[in-house]
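Survey of secondary and tertiary structure
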Amino acid sequence: MLHRRVMGACSALVAAGALTLTGLPGTAAADQAAPVQASPVDRTPPQASRALLTAMQRDLGLTANQARSRLANEARAGAVSGALRASLGPGFAGAWVTGDTAATLTVATTDASTVPDITAQGAEAEVVAHGMAELDAAKAALDRAADRGSTASAAVWYVDVTVNKLVVRAAAPAEARSFVAAGGVGIDLVRVVKSTERPRALYDLRGGDAYYMGGRCSVGFPVTKGNTQGFATAGHCGRAGTAVSGYNQVALGTFQGSSFPGNDYAWVAANGNWTATPYVKGPGGQNVQVAGSTQAAVGSSVCRSGSTTGWHCGTIQQHNTSVTYPEGTITGVTRTSVCAEPGDSGGSYISGSQAQGVTSGGSGNCSSGGTTYYQPVNEILQVYGLTLKTTGGGPGDPGDPGDPGEPGGTWAAGTVYTAGDQVTYGSATYRCLQGHQAQAGWQPPNVPALWQRV
């Protein structure tokens, strides 16, 4: 791991947009039997920021209009894939988007009879041998094997839904196969890829601003816990009790919780001189709004800003990746094609206006290209009981979570929900389609992109 002792920041911008353009149909409204256009979570402001569009144009080779179209289509794809994941059940085998602007959605299934259900939603269907449950179980077996012994020969492993395999990237493929055997995973589920990748944690109260703790890291996302304000960041940046100062070298607060390795997340409680804001630092110091934490799909565009390297874009390659650093294995991170360098750790990845995660580590650099990994923010919020600081953006004007007019039920603002979770709201039951932290105004009937009535 590398420390940076100079001032800077790291943040990220993951591209995903509003679900309002033509193309893929939206998820079905809660009280209608036939698919209809979804009223979405507003994952991209009506006017996408100039900074976001500029970064996407530079690194993805798009025009501004193409970038806007991609943002909208990627978010639409997320809503449709979430609904299909729920309806296909055990036959679901993953989903991904492709294309520079169209964000064409492909949904994989092990059950050929469900192909018409997939194509009816405007997605392409692919029949494969292994379902997500089987592939995820195989990856979990490798995670357990990593706990029992060295994984130096296999730096990274993940489920690649596009090839329907558990991919293991390794410098020594023969040793990687021994690692797979030690995990008891069938070779038919695995693809071993020779790789020179050598991930390491990237050392070096607005998302992306620098903070110091002997070295330098970056604020991930401002949060609150009760009346306490603070921020989420990378676990390798400090341990519980570590004192930190802000970008201006003024005392900021103390790490309250930290996990590394195994995970790479932490949170810092700020003192009374600091106020959490719902922003990530953009190019030129401008603010980028954070409105929620809905997860972006594999294949979605993703941009990052860092104190060392500035803004760079790429795509989300895999969720739920395991990666081995010199200090040990980290599980459950997201792999991206965005470059980074030392000094970029801990900062924010954001999808449109939706928070995604905090920078963990990577390989390569921003001259020759590289790979980075981020720890999903929803897990951090859930583990530490934090609430993401947001602008309240969403479908319409957010309501008061304590409004006496609320009909009751188990749904609650501030709770982190994952795909498949069920809640009640009023007299109805809803299933979560996409992982997110619930907010006032995002009640299940209001956001069919996130909730489906069952």
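Okay, so let's go over this structure.

**Here we look at the state of the cysteines**
Counted by the stated rule, this structure contains 3 disulfides. Through a disulfide, C217 is tied to C237; the S-S separation comes to 2.0 Å. Between C217 and C237 the disulfide shows an S-S torsion of about -85 degrees. By sign, it is left-handed. Of this pair, C217 sits in strand 10 (residues 216-218) while C237 sits in the loop between strand 12 (228-233) and strand 13 (243-245); the two residues are 20 residues apart in sequence, bridging distant segments of the chain. C237 matches C217 in its accessibility class, with the two residues each being buried. Note on cysteine connectivity: C339 is disulfide-linked to C366, with sulfurs 2.0 Å apart. The S-S bond linking C339 to C366 shows a torsion near 105 degrees; that makes this disulfide right-handed. In this pair, C339 sits in the loop between strand 20 (328-336) and strand 21 (348-351) while C366 sits in the loop between strand 22 (354-365) and strand 23 (369-376), placing the two residues 27 residues apart along the sequence. Its relative accessible area of 9% is what places C339 among the buried residues.

**Details of the pattern of salt bridges**
This structure, assessed with the given rule, holds 8 salt bridges. K281 is the partner of D209 in a salt bridge, and the nearest nitrogen-oxygen pair spans 4.0 Å. Of this pair, D209 sits in the loop between strand 8 (200-201) and strand 9 (210-212) while K281 sits in strand 16 (residues 279-281), placing them 72 residues apart in sequence. For D209, a relative accessible area of 7% puts it in the buried group. In this structure, R304 and D344 form a salt bridge, with 3.3 Å as the shortest nitrogen-oxygen distance. Taken together, the residues R304 in strand 18 (residues 301-306) and D344 in the loop between strand 20 and strand 21 connect sequence positions 40 residues apart. Accessibility expressed as a relative area gives 0% for R304, which makes it buried. Where salt bridges share partners, they join R169, E197 and R335 into one cluster.

**A closer look at the packing of aromatic side chains**
If you walk through the whole model with that rule in mind, you get 9 aromatic pairs. Seen in terms of ring centroids, Y211 and F231 are 5.0 Å apart; in terms of plane orientation they differ by 50 degrees. Their pairing is tilted. With a gap of 20 residues between them, Y211 in strand 9 and F231 in strand 12 connect regions that are remote in the sequence. With relative accessibility at 0%, the residue F231 sits in the buried group.

**Brief notes about helix 6 (residues 377-384)**
Among the residues of helix 6, V377, N378, I380, L381 and Y384 are the ones counted as buried. Down the axis of helix 6, the buried set is contained in an arc of 160 degrees. They therefore lie on one face. Once helix 6 ends, the next one or two residues include G385, with phi positive near 65 degrees.

**Points about the nonpolar core**
Grouped together as the largest cluster of nonpolar side chains are 38 residues, with contacts concentrated most on L105, V107, V168, V185 and V190. For this core, the elements supplying multiple residues, two or more each, are helix 2 (64-88), strand 2 (92-98), strand 3 (104-109), helix 4 (132-148), strand 5 (154-160), strand 6 (165-170), helix 5 (173-182) and strand 7 (190-194). Broken down by element, this core gets its largest block of residues, 7 residues, from helix 4. One finds L60, A232, C313 and A355 within the second-largest nonpolar core, a separate group that totals 31 residues.

**A few points about helix 1 (residues 50-60)**
What helix 1 keeps buried is the set A51, L52, L53, A55, M56 and L60. Downstream of helix 1 by one or two residues, G61 has phi in the positive range, about 70 degrees.

Each value, and the rule that gives it
Residues numbered from 1 in each chain as written. Predicted model: local features only at pLDDT ≥ 70, side-chain atom pairs only at ≥ 80, totals over all residues. Heavy atoms only, no water. Disulfide = S-S within 2.5 Å. Helix = DSSP H or I, 4+ residues; strand = E, 2+ residues; numbered from the N terminus. Buried < 20%, exposed > 50% of the residue type's maximum accessible area, 1.4 Å probe, protein only. Salt bridge = Lys/Arg side-chain N within 4 Å of Asp/Glu carboxyl O. Phe/Tyr/Trp six-rings, centres within 6.5 Å; stacked < 30°, edge-to-face > 60°. Arc of directions from axis to C-beta. Core = buried A, V, L, I, M, F, W, Y, C linked by side-chain atoms within 4.5 Å.

Any link to function would need more than the numbers given here.
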